[in-house]
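The residues making up each chain are set out below.
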Amino acid sequence: MPRNSSVEIDGATQVVGVIGWPVKHSLSPPMHNAAFRALGLNWVYVAFEVHPDGIAEAMAGLRGLAIRGLNVTIPHKAAVVPHLDEISPVSQTLGVVNTIDNVDGHLSGDSTDGPGFMRALAEAGEGVTENRVVLIGAGGSARAVALAAAEEAPEELVIVNRTLERAIELAELVKQAGRVEAVRAIALDSPEVADVVNSAHVIIDSTPVGMYPHADVAPVISPKWLRRCQLVCDLTYNPRNTVLLQAAREVGARALDGTGMLVHQGAIAFERWTSQEAPVEVMRLALLEALDRAAR
Ligand code: NAP
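As the structure is a computational prediction, the values presented were derived from the model and not from experiment. (Residues numbered from 1 in each chain as written. Predicted model: local features only at pLDDT ≥ 70, side-chain atom pairs only at ≥ 80, totals over all residues. Heavy atoms only, no water.)

Colleague: Explain the site of the ligand to me, using residue names and the numbers behind them.
Modeller: Looking at the ligand, there are 22 residues lining it, with Ala 138, Ser 141, Asn 161, Thr 163 and Thr 236 nearest. Taking Asn 161, its side chain carries an N or O atom lying 2.8 Å from an oxygen atom of the ligand. Measuring from an oxygen atom of the ligand, one finds a side-chain N or O atom of Thr 163 at 2.5 Å. Protein chains shield 77% of the accessible area of the ligand, which is 920 Å² for the free molecule. Elements with a contribution of two residues or more to the shell around the ligand: helix H5 (140-150) and helix H9 (259-274). The residue inventory of the shell around the ligand, partitioned by class, reads ten nonpolar, ten polar and two charged. (Near = heavy atom within 4 Å. Polar contact = N/O pair within 3.5 Å; in protein donor to acceptor, adjacent residues only side chain to side chain. Areas by Shrake-Rupley, 256 points an atom, 1.4 Å probe, with all protein chains shown as cover. Helix = DSSP H or I, 4+ residues; strand = E, 2+ residues; numbered from the N terminus. Nonpolar A, V, L, I, M, F, W, Y, C, P; charged D, E, K, R; others polar.)

Colleague: Hey, could you go over the packing of H5 against helix H6 (residues 164-176) for me, with residue numbers and the actual values?
Modeller: For the pair H5 and H6, interaxial distance at closest approach is 10 Å and the crossing angle is 35°. The two elements H5 and H6 meet at a crossing, and its hand is right-handed. Contact residues: Ala 142, Arg 143, Ala 146, Leu 147 and Ala 150 in H5; Glu 169, Leu 170, Leu 173 and Val 174 in H6. Taken together, the residues that form the contact of H5 with H6 break down as seven nonpolar, no polar and two charged. (Axes fitted to C-alpha atoms, helices over the stretch in contact; angles between N-to-C directions. Left-handed = near helix turned anticlockwise from the far one by under 90°. Contact = heavy atoms within 4.5 Å.)

Colleague: Residue-level account of the sheet that holds strand S4 (residues 86-87), with values.
Modeller: With mixed pairing, six strands are arranged side by side in an open sheet as S2-S1-S3-S5-S6-S4. Across the chains shown, the open sheet's two edge strands, defined by having one partner strand only, are strand S2 (43-49) and S4. Contacting strand S1 (14-20), S2 and strand S3 (69-72), helix H1 (residues 28-39) runs over the sheet at an angle of about 170° to S2. Lying on the sheet, helix H2 (residues 55-64) is in contact with S1, S3, strand S5 (99-103) and strand S6 (106-110); it crosses S5 at an angle near 40°. (Pairing = 2+ DSSP bridges.)

Colleague: Kindly report on the packing of H1 against H9, identifying the contributing residues and their values.
Modeller: The interhelical angle for the contact between H1 and H9, taken along N-to-C directions, is 50°, at an axis separation of 10 Å. Put simply, H1 runs oblique to H9. Note that H1 runs across H9; the crossing there is right-handed. In contact with Met 31, His 32, Ala 35, Phe 36 and Leu 39 of H1, H9 contributes Leu 262, Val 263, Gln 265, Gly 266, Phe 270, Trp 273 and Thr 274. Its residues placed into classes, the contact of H1 with H9 shows eight nonpolar, four polar and no charged. (Parallel < 35°, antiparallel > 145°, perpendicular 65-115°, else oblique.)

Colleague: Now, about the domain arrangement of the protein chain: what can you tell me, with residues and values included?
Modeller: We note that the domain assignment places domain 1 (14-111 + 262-295) and domain 2 (115-257) within the protein chain. In this assembly, 16 residues from domain 1 lie in contact with twelve residues from domain 2. Taken over both partners, the interface formed by domain 1 and domain 2 buries close to 1,200 Å², and the fraction arising from carbon and sulfur atoms is 64%. For the domain 1 face of the interface with domain 2, the top three residues by lost area are Thr 93, Leu 94 and His 264, together amounting to 40%. The tally of links between domain 1 and domain 2 comes to two salt bridges. A salt bridge links Glu 271 to Arg 119; the shortest N-O distance between them is 3.1 Å. Inspection of the domain 1/domain 2 interface yields four residue pairs in polar contact (both at pLDDT 80 or more). Breaking the side of domain 1 that touches domain 2 down by element, the ones donating at least two residues are helix H3 (89-94), H9 and helix H10 (280-295). (Domains from an automatic or database assignment. Buried area = accessible area lost by both parts, 1.4 Å probe. Salt bridge = Lys/Arg side-chain N within 4 Å of Asp/Glu carboxyl O.)

Put into structure tokens, the structure is as follows:
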């Protein structure tokens, strides 16, 4: 899709953005601004660095300045919740939001990470329905992905985490959400992990192991447990070709990096704010260019 560079910021420009601490590294501004240009929308996306002590003021500012929407990143995803008028059922379960929609001062929050991951999977022609799924990690991204994956009725969802208690807690959350029966939690250092990984159809690594600047480490699971017929996903997007995905490709498995999830969680937010279909390929290109620039 051609980029339309004719849209100028003027008195009618709608403002959206991201709040985080720190936030200067965010890849969302280039991604969303490229999308606005491509559709000729008079919108702009900016990054707001908000100290954790300043959340109440930031939320009042969002209303007061009629900023049309926000993405919310670390460490504010839970802290903004008490300041919102409503949150989606999935955000209620997770206790976090990553997207706020401001319609005439009414703030609604949602978590688009899980649906973003599922859209990336679908785009790759994959899914979790009736598959055995292993999720490694039980942190923020794992929680979002686990709930979204469980909605699509996998045969089994096994949550493997370094800290077993967190895996158990997430397995309980998924069970209570009533979305999948066969869910269990195991510790990353359990001898069971080799078999569980080996017999899985879909393996999702939601840990930061292999993330820049520590890209040159051993993968979180042994490459010896991977097989050709598997799909291996890594939520890390910097670098794209993580040590785990390299190992997966070496055994002939399919590999899915974290950029698809990042693009689609943004695309869902974009669609909520603008009521227009997101130009996903434009967003992806802008994201990949920004990632390349960050790597230089
Ligand atoms: P998080 O909330 O801090 O959770 C990290 C998880 O990884 C925890 O379960 C932690 O285990 C585990 N972990 C950390 N270091 C480990 C190690 N050395 N060995 C084994 N397990 C380890 O982090 P997050 O926000 O979920 O982010 C995780 C990754 O996902 C990051 O690379 C981030 O960039 C990526 N991410 C991508 C997207 C996307 O759109 N593609 C979105 C969100 C996040 P314990 O419970 O034992 O501490």
